[in-house]
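Fold and contact review
Take a look at the letters that make up each chain.
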Number of protein chains: 2
Amino acid sequence: MATIYEVAALAGVSPATVSRVLNGRSVSPEKARLVRDAAEKLNFTVNRTARDLRRQHSEVIALLVPDIENPFFTALARGVEDRAQESGYSVVLCNTDEDPAKETRYLEIANSANMAGVILAPSREHTDISGLLQRKKPVVAVDRTTGFDIDAVMVDNRSIGASATAALIDRGFRRIACIAGPLDAGSPEERSQAWAQTMRSRGLGDPAKYLVHADFRVDGGRAAMATLLELDTPPDAVVATNNLMGVGALQALFEAGLTPPAFGVAVCGELPFSTDAPASVTQVRIPARHLGTTAATLLLDRIEGDSQPARTVVLRGEILEAG
Amino acid sequence: MATIYEVAALAGVSPATVSRVLNGRSVSPEKARLVRDAAEKLNFTVNRTARDLRRQHSEVIALLVPDIENPFFTALARGVEDRAQESGYSVVLCNTDEDPAKETRYLEIANSANMAGVILAPSREHTDISGLLQRKKPVVAVDRTTGFDIDAVMVDNRSIGASATAALIDRGFRRIACIAGPLDAGSPEERSQAWAQTMRSRGLGDPAKYLVHADFRVDGGRAAMATLLELDTPPDAVVATNNLMGVGALQALFEAGLTPPAFGVAVCGELPFSTDAPASVTQVRIPARHLGTTAATLLLDRIEGDSQPARTVVLRGEILEAG
DNA sequence: CGTGCGTCTGTAATCGATTTCTATTGCCTG
DNA sequence: CAGGCAATAGAAATCGATTACAGACGCACG
């Protein structure tokens, strides 16, 4: 691959001049032409590694998500990407697999590769991002909080959990269970808290035995639903605190021959790729893509030097009533 | 952030020695301890940009997929990631959005950022990867072919298309339509060719009017299905050549009140996140994750210096009969 | 005891760009 | 016509690591 030295030699100018042409600094039109022709002829591309080393900054932002196979996060990724492209940044997507070790590894890479910034959907409550912050690399949290004082884009988890639950109550269900995420999942667990609170405030007793924790995935949701169905007095409805556990719960219900609307189902999030259009499942749409564009906007502000105190943006869900 | 010079100063050794400790070269145990302590104290992390510049090689591989929101590609990505992690490589996932310009951009980045290699699911038939090849960066094609003589991992598209079609014929359908991808999509379009061929060989007439092209996405599939339903003699069954168009077709059918098994549906790929367990839709499972691990294995071989002639691995689909 | 080999270490070159500093030129102004 | 400023361009320093080369030392062997 050609370097600027070879381009410079061919064009009969100094490497500095080549660099200036590349970066739109003032260079006489004739030399600029010479350089451009030489670059063209040699099929020159700048070496980003060298550029980034010198500039101490790259034009890539990292997006860390806990589960790349979850359509919620891929939609979020699309949002980030769309916004980043607008400003000439590229996005690299890193799957942390809900694994703090992988997460740490990717954060370390983002840091030592001089990436422009990081958008992080933390896998666990207390992800350590002090390394990035020390180097003044901007970090924006999305969907879940960190313990750090940084920009964040969240959804209104309490009201999402509450409206999912309330919808089922309004439809006449009384023994409403909840399939929640892992205990240490942080913000999204506010949804199960909202479920508990809504149940109590509507006088539907102590629902503790109807609360099951799973792992945010399809199989976890299915197993949890199966467990619930084996209780002495099984529930007559269920709230799943994320989309995939909702899918799993529905699978278990179909296997047991209990299909909505006979059995009430409400999901925090949307059922991905559902084919039976207006199904009898209550869904609370969460604006995943918008979460992404918002996070990217906050991050790009910081990259461009904005240094106001940390901001938190909270987006709201939108309930889609069962048809 | 600390550099090896600062570590060297604190430890009372030369930067070269610090580097040797970092890379496990022979260094006396005492100095090694001194260096490790100093590195620890300063919270040192190596600067990958500098390292990569010097080594002309990074430990990151790029995976370019045309649609990050398609579960087929996220499963493939998981496969790549799992395999790469085993060998200490990280994966960055780039969404090309079926857009040749974005694809070119990401390829250019992979090249100029000295990435170790690229796994590419090309957006169009003739993606230009000559830049990478010039620099001897290994590239592996997956799911779709390139015009270049490189390693590739494919699926047996003809037999996938043929068995999806045959399954519908065997279930008694006769007017079987096909929702295919874009005309220039390359390999996956062998599936619609297999559909046509199967129809002809079974004596089901000239099916040209039952062939519709869409864009591999849900909405495209839905629109295509709607078009088909408006024909004078509408089909009684449909083959979708990828998973998302299958979802779209099903949506259109539900809206029209035509649900399987009354209307025959076969999908090349799996319906993602389906909730109604043994549905009456024929699916041909494509081993997406395995595609990913295989591609990663081929790529890592090349990265480690393997220089045998280009290999092509073809994996087979597995038919899941409608329940 | 001298030669030779192997181990450990430091100095300095290197990767390929950007950028500071300096020099030259030309133009404008008083 | 002298002085000053702007525009242009080159030489060399720089970013932070790795590594070729060379020097110093110790040990074994003839």
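On a predicted model such as this, the values are computed, not experimentally measured, just so you know.

Residues Ile61 and Val238 of chain A together with Ile61 and Ile179 of chain B are the most contacted members of the largest nonpolar core, which totals 182 residues. If near-sequence neighbours (up to four positions away) are discounted, isoleucine 179 of chain B is found in contact with Val212, Ala214, Gly221, Ala224, Met225, Val238, Ala240, Thr241, Met245 and Ala249 of chain B.

Okay, the relation of the copies chain B and chain A next. Here chain B sits on chain A after a turn of 180° about the axis and a move of 0.0 Å along it, with an RMSD of 0.0 Å. Such a combination of rotation and displacement between the chain copies is what one expects of a two-fold axis. Same-surface contact between copies: 100% of interface residues of chain B are shared with the interface of chain A.

Negative phi is the rule for most residues except glycine; trans is the rule for most peptide bonds. Omega for the bond connecting proline 260 of chain A with proline 261 of chain A falls within 30 degrees of zero, at 0°, which places this linkage in the cis form. Mapped onto the fold, proline 261 of chain A is located in the loop between helix 11 (243–255) and strand 9 (264–268). The backbone of asparagine 114 of chain A shows a phi angle near 60°, a positive value even though the residue is not glycine. On the secondary structure map, asparagine 114 of chain A appears in the loop between helix 6 (100–112) and strand 3 (117–120). When the 21 C-beta atoms within 10 Å are taken as the criterion, asparagine 114 of chain A is described as buried. We note that glutamine 56 of chain B has phi near 60°; this positive angle belongs to a residue other than glycine. For glutamine 56 of chain B, the position within the fold is in the loop between helix 4 (48–55) and strand 1 (60–65). Look at glutamine 56 of chain B and you get exposed, because 11 C-beta atoms sit within 10 Å.

This part is about the environment of valine 21 of chain A. Residues and elements named next belong to chain A. Counting through the fold element by element, valine 21 comes out in helix 2 (residues 15–22). The class for valine 21 is buried, based on 22 C-beta atoms found within 10 Å. Separated by 15 residues in the primary sequence, valine 21 and arginine 36 place their C-alpha atoms 7.9 Å from one another. Excluding residues that lie within four positions of it along the chain, valine 21 makes contacts with Val27, Ala32, Val35 and Arg36.

Thr3, Ala16, Ser19 and Ala50 of chain A together with Ser26 of chain B are the nearest of the 26 residues found near DNA strand C. Listing elements by their share of the surface near DNA strand C, those giving two or more residues are helix 2 and helix 4 (48–55) of chain A together with helix 2 (15–22) and helix 4 of chain B. Per-class residue counts for the surface near DNA strand C are 12 nonpolar, eight polar and six charged.

Attention shifts here to the pairing of strand 1 (residues 60–65) of chain A. All names here are of chain A. Of all six residues in strand 1, six are buried, a share of seventy percent or more. Here strand 1 shows two buried faces, one formed by Val60, Ala62 and Leu64 and the other by Ile61, Leu63 and Val65. For strand 1 and strand 2 (residues 90–95), the ladder comprises six bridges, and the chain directions are parallel. Bridge pairing in strand 2 links valine 65 to asparagine 95. Remark: the strand 1/helix 5 (residues 71–86)/strand 2 crossover connection has right-handed handedness. Across four bridges, strand 1 lies against strand 3 in parallel orientation.

Attention now moves to the protein's contact with DNA strand D. Within the structure, DNA strand D sits among 26 residues, and Ser26 of chain A together with Thr3, Ala16, Ser19 and Ala50 of chain B are positioned closest to it. Secondary-structure elements contributing two or more residues to the surface near DNA strand D are helix 2 and helix 4 of chain A together with helix 2 and helix 4 of chain B.

Next up on the list: helix 8 (residues 157–170) of chain A. Residues and elements named next belong to chain A. Its 14 residues place the ends of helix 8 20 Å apart at the C-alpha level, agreeing with the 20 Å of an ideal helix rising 1.5 Å per residue. For helix 8, the buried fraction is high: 10 of the 14 residues fall into the buried class. Turning to helix 8, its buried residues number three or more, namely Asn157, Ile160, Gly161, Ala162, Ser163, Ala164, Thr165, Ala166, Ala167 and Leu168. Of the residues one or two after helix 8, glycine 172 is the one with positive phi, at around 100°.

Okay, the interface of chain B and chain A next. In this assembly, 42 residues from chain B lie in contact with 42 residues from chain A. Of all elements in the fold, only helix 4, helix 5 (71–86), strand 2 (90–95), helix 6 (100–112) and helix 11 (243–255) of chain B reach the threshold of two or more residues within the side of chain B that touches chain A. Ranked by residues supplied to the side of chain B that touches chain A, first place goes to helix 5 of chain B with six residues. Class assignment of the residues belonging to the side of chain B that touches chain A gives a composition of 21 nonpolar, 12 polar and nine charged.

Right, let's get into the sheet that holds strand 8 (residues 237–240) of chain A. Strand pairing within a sheet occurs via backbone hydrogen bonds; the two strands may be parallel or antiparallel. Residue and element names in this part refer to chain A. The strand order 7-6-8-9-10-12 describes an open sheet built from six strands, whose pairing is mixed. In this open sheet, the two strands that pair with only one neighbour each are strand 7 (211–213) and strand 12 (318–320). On average, each strand axis in the sheet is tilted by 15° relative to the strand beside it, whichever way the strands run. Examined bridge by bridge, strand 10 (residues 282–285) and strand 12 share three bridges and lie antiparallel to one another. Directly across from valine 284, in strand 12, lies its bridge partner isoleucine 319. The strands touched by helix 8 within the sheet are strand 6 (176–180), strand 8, strand 9, strand 10 and strand 12, with strand 9 carrying the most contacts at an inclination of about 165°.

The rules behind the values
Residues numbered from 1 in each chain as written. Chains lettered and ligands numbered in written order. Predicted model: local features only at pLDDT ≥ 70, side-chain atom pairs only at ≥ 80, totals over all residues. Core = buried A, V, L, I, M, F, W, Y, C linked by C-beta atoms within 7 Å. Buried ≥ 20, exposed ≤ 12 C-beta atoms within 10 Å, placed from the backbone. Contact = placed C-beta atoms within 7 Å. Least-squares fit on C-alpha atoms with pLDDT ≥ 70 in both. Helix = DSSP H or I, 4+ residues; strand = E, 2+ residues; numbered from the N terminus. Near = placed C-beta within 6 Å. Nonpolar A, V, L, I, M, F, W, Y, C, P; charged D, E, K, R; others polar. Pairing = 2+ DSSP bridges. Right-handed = clockwise from strand over helix to strand, strands pointing away. Expected span 1.5 Å × (residues − 1). Axes fitted to C-alpha atoms, helices over the stretch in contact; angles between N-to-C directions.

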